[in-house]
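Here are the chains, one letter per residue:
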Amino acid sequence: MKQKTVAVVGAAETTEMGKIPNTSQLMLHADAALNAMQDAGLTAKDIDGIATAGDSPVEVAHYLGITPTWVDGTSVGGCSFMLHVRHAAAAINEGLCNTVLITHAESGRSRVGARRFARDPASQQGQFEVPYGITNPPSMFTIPALRYMKTYGVTEEDLAHVAVVQREWASMNPRASFRDLITVDDVLNSKMIAWPFRLLMCCLVTDGGGALILTSAERARDFPQKPVYILGTGESCETPMISQMEDFTTSKAFRVSGRKAFEEAGIKHSDVDHLMIYDAFAHLPVYGLEDLGFCERGQGAAFIREGNTRPGAKLPLNTNGGGLSYMHSGMYGMYALQESVRQMRGIAPAQVPGAKISIAHGVGGMFASSGTIVFSNEAP
Amino acid sequence: MAEYNRPLPAPTPETRHFWDGCREGELRLQRCTSCRESYFPPRPFCPACGSREVEVYKASGKATLYSYVINHRPRPDFGDVPHSIAVVTLEEGPRMMTNIVDCPQTPDALILDMRLEVTFEKASDEISLPKFRPAKG
């Protein structure tokens, strides 16, 4: 990808977050989109590219009154929006469109106008995983962790530390769903969900959404907000079935996507001031730190336990509180991107002083897919 | 036999031999006749080299425990106590999801790398599910 040729000029979340029982999923898309358009000083007539996941981009475009010349319905789980950013940057560079709107919305908790989730019993997962009692992410995404823990001597206490540190960040964020500080004991005494995972090691289930608007870096200077440039991007996928992951101690999709994003951006790990790693469960930031190359294999949990990702420490991680404490409506990748953009604009509730480079790394499905975006607030 | 009111697999032409095998008490894998790779889930070509020259064979049914969780969320169709959802490494190499049965569903009883053997649980006239229990002897 050509560096610094595309920028985020509009970014917003839904007006409300958490429990929104009076709004349908489609209207949550529109609410986030309208907020992002207002942020960018644009209307639907100015948008000529549309992308969303889960729901159809056709539905979102029509509802908002957008007539696009570029459409992307890539839907590979919660990191889909990272892939949309990557595809949009390529499309803008290629001249397929000028101004792209990417939306996410999910009535994940209230289920107003939300899709029903069903797996075909003839699908690979329907035949070879569903019969054994997997119901939803807490009984699937968690399965590899025990192998990781045995391989590297990582304990339940270590996993609990991830939740504790993220709550520290959430305590600084007025929009976070959970803001009261917690201890390792609180986590280890919370309800058992799927051993070794307890409730406070699992993400929230909320309602909400977010939207981003991208355009060329050249045009970005004329918008009301400080542009946030895209330095590098990556994407990959591995398997639709958690049982068929190549190695339970590392995600191939993370490694491939992360390496690509670093290469495109031409940056070193020490250049990164701020990091978001999609944390559907407490082991995800640990895998992410290692697979992105911030830590040696087996060192991710100790890195967090020793305080390196806390407020004021050397690698601020999941500064909105993450899926564990901020919000998680179903496809959290959009909220990781939103927090990276806020940090690069310098307006985050828990702002990292002087941050110039931010990475948002997402997962889709259960280690099924991945997308990575490197942002910078420095002009080309 | 517990009442099976949960979703059961619907075999496709490419997976039929596997489910026929389970019904007949055999764990069937496939392997490539050119590169000799064993693989799972079933498909009529080798995922390692792309060859369509593959054969079905009876696996040993021996495995080791690779990883698992003990699900505590309500699943009335699995009874009213927590149950394991596991991934095992078959002696021939491939991994598969399963449940570990005939042993307590506790961390103390379910030890990673423990030796296991296949057992088949009849769910319907067509479908028997391959499950694994601690190996005897």
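Look up: the structure comes first, before these words.
Right, let's walk through the structure included here. (Residues numbered from 1 in each chain as written. Chains lettered and ligands numbered in written order. Predicted model: local features only at pLDDT ≥ 70, side-chain atom pairs only at ≥ 80, totals over all residues.)

### Describing the overall build of chain A
Put simply, the rule reads: Helix numbers and strand numbers start at the N terminus; a helix is a DSSP run of H or I with at least 4 residues, a strand a run of E with at least 2. Throughout, the radius of gyration refers to the C-alpha atoms, and the reference size of a globule is 2.2 Å times the residue count to the power 0.38. We call a residue exposed when 12 or fewer other C-beta atoms sit within 10 Å of its C-beta, buried when the count reaches 20 or more, and partly exposed for counts in between; the C-beta positions come from the backbone. Here the contact rule is simple: place C-beta atoms from the backbone, and any two residues whose C-beta atoms are within 7 Å are in contact.
In terms of helices and strands, chain A carries 13 helices and 11 strands. For 380 residues, the compact-globule estimate of 2.2 N^0.38 gives 21 Å, and chain A sits close to it at 19 Å. Each of the three principal axes of chain A carries a C-alpha extent, and together these read 55 × 45 × 35 Å. When each of the 380 residues of chain A is scored for burial, the buried share is 63%. Within chain A, contacts between residues at least 6 apart in sequence are counted, and of these 75% link residues at least 24 apart.

### Topic: the environment of L214(A)
Residue and element names in this part refer to chain A. Mapped onto the secondary structure, L214 falls in strand β7 (residues 207–216). Residue class for L214 comes out buried when judged on the 29 C-beta atoms lying within 10 Å of it. Along the backbone, L214 and I92 are 122 residues apart, and their C-alpha atoms lie at a distance of 8.6 Å. Residue contacts for L214: discarding those within four places in its chain leaves V6, A7, V8, V85, A88, A89, I92 and V100.

### Brief notes about the nonpolar core
For clarity, the cut-off: For the purposes of this analysis, a nonpolar core is taken to be any set of buried Ala, Val, Leu, Ile, Met, Phe, Trp, Tyr and Cys residues that are connected through C-beta atoms within 7 Å.
Of all hydrophobic cores here, the largest spans 153 residues; its most connected members are A36(A), V85(A), V100(A) and L214(A). What A36(A) contacts, discounting residues up to four positions off in sequence, is G10(A), A11(A), A12(A), L101(A), A211(A), L212(A) and I213(A).

### Points about helix α9 (residues 252–265) of chain A
All names here are of chain A. Operational definition: How far a helix is expected to stretch is found by multiplying one less than its residue total by 1.5 Å.
With 14 residues, α9 should cover 20 Å at 1.5 Å per step; its first-to-last C-alpha distance of 20 Å lies within 8% of that length. Among all positions in α9, only A253, F254, S257, G258, K260, A261, F262, E264 and A265 are buried. Lining the buried residues of α9 we find β8 (228–237), α10 (283–291), β10 (357–364) and β11 (369–376). Phi turns positive one or two residues past the end of α9, at G266, with a value near 65°.

### Things to note about the interface of chain B and chain A
Contacts between chain B and chain A engage 28 residues on the former and 29 residues on the latter. Mapped by element, the contributors of at least two residues to the side of chain B that touches chain A are β4 (62–71), β5 (83–90) and β6 (95–98) of chain B. Element by element, the count of residues in the side of chain B that touches chain A is highest for β4(B), at six residues.

### As for the pairing of strand β1 (residues 6–13) of chain A
Residue and element names in this part refer to chain A. To keep things clear, this is the line we draw: We treat two strands as partners when DSSP finds at least two bridges between them.
Within β1, eight of the eight residues are buried, which leaves it mostly tucked inside the rest of the structure. Bridging between β1 and β7 involves seven bridges; their strand directions are antiparallel. Looking across to β7, one finds that V8 is bridged to L214. Sheet analysis places β1 next to β8, joined by two bridges and oriented antiparallel. The residue of β8 that forms the bridge with V8 is V228.

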